[in-house]
Amino acid sequence: MTSTSTTALPRPLPPGPGTGAEPAARRGLTGRTVALAVARRAGSALAVLLGAATTAFAALQLLPGDPVAIILGPSTMASAQVRDQIRHDLGLGDPVVVQYLHYLGRLLHGDLGWSYQLQQPVSALIGDQLMPTVQLALAAIVVAVVLAVLSAVMTAGRHPALRAVASFWELVSVSTPPFWLGILLLTVLSFKIHAFPVAGAQGFGALVLPALTLGLPVAGILGQVLREGLEAALEQPFVTTARARGLSQTGIRARHALRHAAAGLVTLSGWLAGTLLGGAVLVEKVFARPGIGALTLQAVSSRDMPVVMGVVMLSALVFVAISTAVDLLYLVIDPRLRTD
Amino acid sequence: MRLARPVRLALVATATVATLALTACGSGSSSGGGAAAGAPKAGGTVTYALDVEPTCFDLQVNPQGITGDIERGVVDSLVTIDAKGAFHPWLATSWKVAPDLKSYTFTLRDGVKFTDGTPFDAAAVKANFDRVADPKTKSQYAATLLGPYSGTEVIDPHTVKVSFSKPFSPFLQGASTPNLGFYSPKSLTRGPDALCAGGSSIVGTGPYVFTGYTKGQSVTLTKNPAYNWAPQSASHTGAAYLDKVVFRFLTEDPVRTGAVTSGQVDIATSISPSDIKTVQADKNLTIRKVEDAGGTYAIYINTVRGATADVRVRKAIQLGTDIDQIVKTVYFGQYQRSWSPLTPSTPSYDKSLEGSLKYDPAQANKLLDEAGWTGRDAQGYRTKDGKRLTVDWPWNPPHTREQRAVVAQAIQADLKKVGIDISHPALDIGAFVALAGTGQYDLYDFSWTRFDPDILRGFFNSASTPATGGQNAANLKDPRVDEWTDAGAATLDTAKRAELYAKVQRQVTLTDAAVLPIYVPTKLVAVSSHVAGLAVDPNGKPLLYDTYRS
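Residues numbered from 1 in each chain as written. Chains lettered and ligands numbered in written order. Predicted model: local features only at pLDDT ≥ 70, side-chain atom pairs only at ≥ 80, totals over all residues.

A.B. asks: Honestly, the overall build of chain B in this entry has me stumped. Any pointers?
C.D. replies: When you go through chain B residue by residue, the secondary structure sums to 16 helices and 25 strands. Taken over the C-alpha trace, chain B has a radius of gyration of 24 Å; the compact-globule value for 550 residues is 24 Å, and the two agree within 12%. Viewed in the frame of its principal axes, chain B has a C-alpha envelope of about 75 × 60 × 40 Å. Residues classed as buried in chain B amount to 52% of the 550 residues present. (Helix = DSSP H or I, 4+ residues; strand = E, 2+ residues; numbered from the N terminus. Rg over C-alpha atoms; globule rule 2.2 N^0.38 Å. Buried ≥ 20, exposed ≤ 12 C-beta atoms within 10 Å, placed from the backbone.)

A.B. asks: In this structure, what is going on with the interface of chain B and chain A? I would like to understand it.
C.D. replies: Interfaces are often sized by the accessible area lost when the parts come together. With 49 residues of chain B in contact, the opposing surface of chain A contributes 48 residues. The set of elements that each furnish at least two residues to the side of chain B that touches chain A consists of α3 (142–146), α6 (192–196), β10 (244–249), α7 (253–261) and α13 (429–437) of chain B. Looking at the side of chain B that touches chain A element by element, the count peaks at eight residues for α13 of chain B. Each residue belonging to the side of chain B that touches chain A can be placed in one class, and the counts come to 21 nonpolar, 21 polar and seven charged. (Contact = placed C-beta atoms within 7 Å. Nonpolar A, V, L, I, M, F, W, Y, C, P; charged D, E, K, R; others polar.)

A.B. asks: What is the right way to read the sheet that holds strand β15 (residues 382–384) of chain B from this model?
C.D. replies: Across a sheet, strands are paired by hydrogen bonds formed along the backbone, either parallel or antiparallel in direction. All names here are of chain B. Strand order in the open sheet formed by three strands is β14-β15-β16, with antiparallel pairing between adjacent strands. At either end of the open sheet lies a strand with only one pairing partner, and these are β14 (375–376) and β16 (387–388). Bridge count for β14 against β15 is two bridges, and the pairing is antiparallel. Following the sheet pairing, Arg-376 is matched in β15 by Arg-382. (Pairing = 2+ DSSP bridges.)

A.B. asks: Looking at this structure, how should I read unusual backbone geometry?
C.D. replies: Glycine aside, the phi torsion of most residues is negative, and most peptide linkages are trans. All names here are of chain B. Within the chain, Asp-385 stands out as a residue other than glycine whose phi angle is a positive 50 degrees. Relative to the assigned elements, Asp-385 resides in the loop between β15 and β16. For Ala-513, which is not glycine, the phi torsion reads 45 degrees and is therefore positive.

A.B. asks: What is the right way to read helix α7 (residues 122–155) of chain A from this model?
C.D. replies: Note that an α-helix has 3.6 residues per turn; residues three or four places apart therefore point the same way. Residues and elements named next belong to chain A. Over its 34 residues, α7 runs 47 Å from end to end, which matches the ideal 50 Å to within 8%, given 1.5 Å per residue. The axis of α7 is deflected most strongly, by about 35 degrees, at Leu-130, and proline Pro-132 appears within four residues downstream. Just beyond α7, the residue with positive phi is Gly-157, at close to 65 degrees. (Expected span 1.5 Å × (residues − 1). Bend = angle between axes of the 7 residues up to and from the residue.)

A.B. asks: Honestly, helix α15 (residues 479–488) of chain B in this entry has me stumped. Any pointers?
C.D. replies: Residues and elements named next belong to chain B. Buried within α15 are the following residues: Val-481, Trp-484, Thr-485 and Gly-488. With its buried residues spanning 95 degrees around the axis, α15 presents them on a single face. Where α15 is buried, its residues touch α14 (455–460) and α16 (494–511). (Arc of directions from axis to C-beta.)

A.B. asks: Teacher, can you tell me more about the nonpolar core here?
C.D. replies: One broad rule of soluble globular proteins: the nonpolar side chains tend to lie buried together. All names here are of chain B. Counting residues in hydrophobic clusters, the biggest one holds 216 residues, and the most contacted among them are Ile-267 and Ile-301. Composition of this core by domain shows at least three residues from each of domain 1 (18–290 + 523–549) and domain 2 (294–520). Contact partners of Ile-267, with chain neighbours within four places excluded, come to Val-46, Tyr-48, Ala-49, Val-525, Ala-526, Val-527, Ser-528, Val-531 and Leu-534. (Core = buried A, V, L, I, M, F, W, Y, C linked by C-beta atoms within 7 Å. Domains from an automatic or database assignment.)

A.B. asks: When you look at the domain arrangement of chain B in this model, what are you seeing that I'm missing?
C.D. replies: Residues and elements named next belong to chain B. Examined at the domain level, chain B breaks down into domain 1 (18–290 + 523–549) and domain 2 (294–520). On a C-alpha basis, the centroid separation for the pair domain 1 and domain 2 is 32 Å. Its residues placed into classes, the side of domain 1 that touches domain 2 shows ten nonpolar, seven polar and no charged.

A.B. asks: What's the story with the sheet that holds strand β19 (residues 443–449) of chain B in this structure? I'm lost.
C.D. replies: Residues and elements named next belong to chain B. The strand order across the open sheet built from three strands is β19-β13-β20, with neighbouring strands paired in antiparallel fashion. Both outer strands of the open sheet, β19 and β20 (515–519), are each paired with one neighbouring strand and no more. Recorded for the sheet is a direction-independent mean angle of 25 degrees between the axes of neighbouring strands. Examined bridge by bridge, strand β13 (residues 294–301) and β19 share six bridges and lie antiparallel to one another. Residue pairing for β19: Gly-294 is matched across the bridge by Thr-449. (Axes fitted to C-alpha atoms, helices over the stretch in contact; angles between N-to-C directions.)

A.B. asks: What is the right way to read the confidence of the model for chain A from this model?
C.D. replies: Predicted coordinates in areas of low pLDDT are best not read in detail. Residue and element names in this part refer to chain A. When the pLDDT values of chain A are averaged, the result is 78; 88% of them are 70 or greater. Here helix α1 (residues 2–7) stands out as the least confident element of chain A, with mean pLDDT 37; α7 is the most confident, with 87. Per-residue pLDDT stays below 50 along residues 1–27; that stretch engages in 32 contacts with residues further than four places along the chain or on separate chains. (pLDDT = per-residue confidence, 0-100.)

A.B. asks: Is there a simple way to think about the packing of α7 of chain A against helix α13 (residues 269–286) of chain A in this case?
C.D. replies: When two helices pack together, their arrangement is captured by the angle between the axes and the distance separating the axes. Residue and element names in this part refer to chain A. Two elements in contact, α7 and α13, have axes separated by 11 Å at closest approach and are oriented at 110 degrees. Comparing their axes, α13 and α7 come out roughly perpendicular. As α7 packs across α13, the resulting crossing turns out to be right-handed. Along its contact with α7, which presents Thr-133, Leu-136, Ala-137 and Ala-140, the element α13 presents Leu-276, Ala-280 and Val-283. (Parallel < 35°, antiparallel > 145°, perpendicular 65-115°, else oblique. Left-handed = near helix turned anticlockwise from the far one by under 90°.)

A.B. asks: I keep staring at the packing of helix α9 (residues 178–192) of chain A against helix α10 (residues 205–234) of chain A and nothing clicks. Help me out?
C.D. replies: Residue and element names in this part refer to chain A. Packing of α9 against α10 brings their axes to within 9 Å, and their N-to-C directions diverge by 140 degrees. Between α9 and α10, the angle falls in the class oblique. The two elements α9 and α10 meet at a crossing, and its hand is right-handed. Along the contact surface, α9 presents Pro-178, Leu-181, Gly-182, Leu-185, Leu-186, Leu-189 and Ser-190, while α10 presents Leu-209, Leu-212, Thr-213, Leu-214, Leu-216 and Pro-217.

So this is what it looks like as structure tokens:
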């Protein structure tokens, strides 16, 4: 994972004298380049969304079993009349093609349908649950970036023993199941030492442990990528130049080399979004936090397909938005990618 | 008639009485008011950790028991039921049952108001029952409590007559549950999504008002200061003591246990039997065992398919399983094994069945020999005409709780010893319901909570097969069982019902061998010593009306 990500990077900024890369970048970026790039990206983004919608719909059709029986669950006393009413209300009696076209038509109007189990509009459910997850994800990113930068800047290119310690904690944090980590943090910091509240989304105190649980494994990966990048950057000739100008070792790491190494992290953004969304499912369950993860888990385990499809659409949208932003960002960062 | 509380939390403080202002309510027999030391105080909040979050808060639609647990304090019912199964007035001051059990006429209490100001009257009863019975409501549970409902007639504002197309004795028990409690007729017009979403759309007449819901987190109930119509079984009158009750959804077992042992919640339900030692070691906590009424956790043996169509094979399965040992080991001695398809707290439970199904592998082997399963294959399983004695028991992991998968493994191991091969494939819910709906299984397991022996009609009457949406998982067709369960539904005479249902329990367990009872579903509730007066009604619902902080 780590090695492929780093090799997939566009080469970092051409080693310019000092910090002179940015003015050059600004010079070559015309409105036309940007407009073309945006249009191209928007087209493919639409195709991806349509693909996601179709896949989600097809998956629903391929699942075995009568949808109504699944909605009602295995132990139910619902009468035949109730079953027929549910089938009728959900339009499950229509031919598949008609159902698909209805589904696409509603999507075009921004209507994600109604949850089978929660009996609420899916868009309202996602809207309500989005903020707590965004908060959690942002807090986790802060935790991850701070820890990764600290670890990388302090250990890159230093004594092997120090680096071994760093890669050890990175390995541990990446391999620890978030589920277990969450319970461990709760047991120590909430049940034994009453430092943080057990669960819920009330205030800052309740955000600390979930953000740590979600952020730690990410910090492990980011730390490794960052250190490799830093070590590569530290071997570049401009570092020698900077050193010759009398800059301190830490100054070079923090001000120059880190900037080059950080470009690698941009590529990881898509992966990061996926990890955070996936991790949120577990973290929100352990810490009993509201959010998209908790909603997804509930929807998947009760086969609440409209909600599952809504979450699929949301994640597709997030991924498309991030990868579009990243592609555009490369144009800003690396002038060599501008074809016009 | 003044009644003792059906069940009461014994909050007996330990020796350090000095630190405790209150040791009242220790016994289960006080009638009304906090006896002796320390009168109940008004005020404060109790936080109650639950293991499940409801998908929908509409009691008339949602079948989950947890919805009723939360809203028992929000809605009131027509009657209350005591531990013996006798009915007492609540929102109905009296009632008359037609001799044919086809109609019930209730006189309603005067001066009762919903928390939105609407008076509770006969029209409100009609609006609620009509909505439950309307197929458009898609009621998955409440409608079954109304059974063969044919309509409600408003005789005058305080008199209402509920009618059925067939004799229907289970109605009064259904009327005592929160699922047939009353929402304000005004709130019923807000649409199903508003009620399902909970919060202020849920308006009842109860001692608490449903004031807030944060999905994935908590429900808040606040005191209804105008409340003045508590049932006689309560120990005080007027408004509830607590200002607020907060239900927290902590779905992970270790988190719930940690939250209650660290004092972050006051009550935590469904403590895992493996955590019980930790909780018992805590001097600030008491463990309360609540045994569910209704259908015990049992395995229903298909009487019409494959090898289990032979009653000798079914009996061999019953005798070849060491249930005592399995239940003791898996549940750390916390759960009782069961002997009947009904749990001991259910009315008409047949106590004489206890001790009847003893582990007897020798007898099981003898029965299997008699049934012709005399060959053995390379793995040691029995065969007949070259075919192995295989018994199919499909299951679905997400709908399997309480270590039931471990119980199944133990049963599998026991039955292997007598040569029965239990095939126990874990299936996706879609594949599982497809098999279940068409009867393609030999064993099928479930438990069912309801304080009425009429559930036996659902479990064993031949009119209730899975194909028609019924619960007769054993596909039993026994004319005597049909006759007795139908007769039980047509009488309210307690002695007569006890006799009929005892016959049913004995017949299906010992003669038909259609069921293998395993254990009594039990909730282990941890309660802080700062909380007193918490009770649980015979339907298994927590009663927070008399609860206070001490």
